[in-house]
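These are the residues of each chain, in order.
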Amino acid sequence: MAGDITLPEPLGRPDAGGSARPRRGGRSATPFGEHVIEWVLKACGLVSILTTLGILAVLLTEAVGFFREVSLADFFGDTEWTPLFAEKHFGIWPLIAGTFLTTAIATAVAVPFGLLAAIYLSEFAPGRARRILKPALEVLAGVPTIVYGYFALVVVTPMLQGIFPGLAGFNALSAGLVMGVMIIPMVSSLSEDALHAVPMSLREASWGLGGARLTTIFTVVLPAAMSGIVASIILAVSRAIGETMIVAIAAGQQPRLTLDPTVPVGTMTSYIVQVSMGDTPTGTIEYRTIFAVGVTLFALTLIMNVLSRRFVKRFRYGGG
Amino acid sequence: MSVDLQPSGRAHDIRRRGNNLGERAFIALSVVAIAVPLLILGGLVVNTLGDAIGRLDWDFITSYPSRRASAAGILPALIGSLWLIGLTAVIALPLGVGAALWLEEYGGKSRLAGFIEVNIANLAGVPSIIYGLLGLGLFVRFLGLGRSVLAGALTLSLLVMPIVIIATREALRTVPGHLREAAAALGATRWQVIRQVILPMSLPGIMTGAILSISRAIGETAPLIVVGALTYVTFLPAGPGDPFTALPIQIYNWVSRPQEAFLVNAAAGIMVLLVTMLVLNSVAVLLRNRLQRRTRR
């Protein structure tokens, strides 16, 4: 890594004695206190590992309790999700369908806008415009999601109802569109980095062969940056899957197995909110459902994030 | 927005080549793709301000919630949010800065450092509501902290720790290596180098990260709902063990009510939230600019 500027230790340390690990040199320059400090700092680093272990432990313990009462066959086989009703069904698919629907709409917004923005910023924008526009776009991702949720419910849905009269007051369309605006910077920022990392010589070679600038962008630069672009899209999708407040407010919290964007739906995240807002006693099956849903959500986003980093690595080490 | 249609960015040397209609159209389209989302956001904020303006007064900030929308205020939510971010800052900043210091100054290329690094990257991508489940299972139930301010703050601390760590590491990397060597050559111990050279040099960058993480914590809603923030609080939390509400929770409560009047309250709450974040972020940008000016010298 270019930013690595760790201290080349042996310099001017008489205790180094040619050893590769001068830190262990027993001179009074590294007294007991120095070791204590190092251990304290290391412990801080270990907190992040404990966090991951904590997430896994909490999710798995409660989820195991859940799956003792509900079989995996029901969880993945049933097509209804009604744990809060008298007649309980525990099929996860309605929640997955709702999550998929809102995420798909958001991605359909974020990818074209984000990619166009990235191409403009990397290939056309004058330096000044780039310095202003890039942080301006990132503001979109910094607005709290509760604010976007309010926008979706109070402003965007009524506007859409003017266009589609059949649109319900709570719907996947409005939530998805607003979420799409929110994740544009996830696509544009990382894609711009990837485009920027494409060596100038590739563009020059294409121009030298008579390729126009647009031809060069679409046939040379974009393919060369493809793994970074894919990584950015996966990251944006993962963010949309885990996004909570927009869907909890504007999409309706009604799990149903549908891909119709005009009716209320429930997502995995909005279901967790729904249960958390009520008074569900600890230890009941209703309480445990949120952890079973949580495990599913965690697994999905983790896979996305790992995939995305794979692609990023590819563009860092040798492009395309 | 004035648009510079003259392509210049990467390729001024070939500025004249292929500057045809298709290219101009593409650039215009791209500029629209950047402008539209920004204009939408701007329009929405202005719209919300319009809804909120009638309720934004001192009474709104100093009143308790009420069943009458016109009398309701955000005092307990505001105080709750202050408690949360205060405690979060006290917990997350030392931990995050400590972790970053270890990774940059001690861990080096060790296997543990690599593992922690991958782990932090993964944590940064975990949805915030999952942190809520962690807080519920670990702090509220297992450690028996109940639905308290402290449980909420601990949850938010774990949530923002990756942000603090990543920003601090970047700041530490801006300190030139020769300064470390010079201090070491003068006989300073590792910790003396860190305390007297590295930390002072990277302080603005660390502060930027700190402010960004706090501003993230202020806007977080979902994990607090899961941890069990209350939605109707008519008292102020007196200590870290007390139940609490927070500004985003109060807004969510108002948004979920069908009456128009409560939506107006939500709009006013949103404006208070946005202004707070705007102030915090402006300070962060100022600090970053100061840092850049100094390191460029």
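Refer to the structure above for everything that follows.
What counts as what
Residues numbered from 1 in each chain as written. Chains lettered and ligands numbered in written order. Predicted model: local features only at pLDDT ≥ 70, side-chain atom pairs only at ≥ 80, totals over all residues. Heavy atoms only, no water. Helix = DSSP H or I, 4+ residues; strand = E, 2+ residues; numbered from the N terminus. Buried < 20%, exposed > 50% of the residue type's maximum accessible area, 1.4 Å probe, protein only. Contact = heavy atoms within 4.5 Å. Areas by Shrake-Rupley, 256 points an atom, 1.4 Å probe, with all protein chains shown as cover. Lys, Arg positive; Asp, Glu negative; His and termini not counted. Charge placed at Lys NZ, Arg CZ, Asp CG, Glu CD. Salt bridge = Lys/Arg side-chain N within 4 Å of Asp/Glu carboxyl O. Polar contact = N/O pair within 3.5 Å; in protein donor to acceptor, adjacent residues only side chain to side chain. Nonpolar A, V, L, I, M, F, W, Y, C, P; charged D, E, K, R; others polar. Arc of directions from axis to C-beta. Phe/Tyr/Trp six-rings, centres within 6.5 Å; stacked < 30°, edge-to-face > 60°. Core = buried A, V, L, I, M, F, W, Y, C linked by side-chain atoms within 4.5 Å. Domains from an automatic or database assignment.

Draft legend 1. Representation of the overall build of chain B within the structure. Per the secondary structure count, chain B includes 11 helices and 0 strands. If you list the helices and strands of chain B from N to C, you get α-α-α-α-α-α-α-α-α-α-α. Considered along the principal axes of its C-alpha atoms, chain B spans approximately 65 × 60 × 30 Å. Here chain B holds 297 residues, and the buried ones make up 53% of them. Within chain B, contacts between residues at least 6 apart in sequence are counted, and of these 71% link residues at least 24 apart. Accessible surface computed for chain B: about 12700 Å², of which carbon and sulfur atoms make up 64%. Distance between charge centroids for chain B: 5 Å, based on 25 positive and 14 negative side chains.

Draft legend 2. Structural context of the interface of chain B and chain A. The interface is formed by 87 residues belonging to chain B together with 92 residues belonging to chain A. For E23(B), the salt bridge identified is with R213(A), shortest N-O distance 3.8 Å. In this assembly, chain B and chain A are joined by 11 residue pairs in polar contact (both at pLDDT 80 or more). It is helix α1 (residues 21-52) of chain B that provides the largest number of residues to the side of chain B that touches chain A, a total of 18 residues. Tallied by class, the residues present in the side of chain B that touches chain A amount to 57 nonpolar, 17 polar and 13 charged.

Draft legend 3. A look at the environment of Y271(A). Residue and element names in this part refer to chain A. Tracing the chain through its elements places Y271 in helix α11 (residues 268-277). With a relative accessible area of 2%, Y271 lands in the buried category. In this structure the C-alpha to C-alpha distance between Y271 and S227, which are 44 residues apart in sequence, comes to 34 Å. In this structure, Y271 is in contact with W81, P83, L84, L95, E286, T289, I290 and V293, ignoring residues within four places of it in sequence.

Draft legend 4. Structural detail: the environment of E69(A). Residues and elements named next belong to chain A. With respect to the helices and strands, the residue E69 is situated in helix α1 (residues 32-69). Overall, the relative accessible area of 52% leaves E69 in the exposed class. Residues E69 and T280 lie 211 residues apart in sequence; the distance between their C-alpha atoms is 17 Å. Ignoring sequence-local partners within four residues, the contact set of E69 consists of I285 and R288.

Draft legend 5. Here's a closer look at helix α8 (residues 213-224) of chain A. Among the residues of α8(A), R213(A), L214(A), T216(A), I217(A), V221(A) and L222(A) are the ones counted as buried. Down the axis of α8(A), the buried set is contained in an arc of 145 degrees. They therefore lie on one face.

Draft legend 6. Fine view of unusual backbone geometry. Although it is not a glycine, Q253(A) sits at a positive phi angle of roughly 55 degrees. Here Q253(A) is to be found in the loop between α10 (245-250) and α11.

Draft legend 7. The packing of aromatic side chains, seen in detail. All names here are of chain A. Summed over the entire model, instances satisfying the criterion amount to 15 aromatic pairs over all chains. When the centroid spacing of 5.0 Å and the interplanar angle of 80 degrees are considered together, the rings of F66 and F67 count as edge-to-face. Overall, F66 belongs to the buried group, its relative accessible area being 0%. The class for F67 is partly exposed, based on a relative accessible area of 27%. Ring geometry for F75 against W81: centres 6.3 Å apart, planes inclined by 70 degrees, an arrangement best described as edge-to-face.

Draft legend 8. Molecular detail of the nonpolar core. By size, the foremost hydrophobic cluster in this structure holds 179 residues, and its most contacted members are Y120(A), Y148(A) and I130(B). Domain assignment of the residues forming this core places at least three in each of domain 1 (30-69) and domain 2 (93-316) of chain A. Residues within four places of Y148(A) in sequence aside, it is in contact with L140(A), V143(A), V178(A), M182(A), I246(A) and L41(B).

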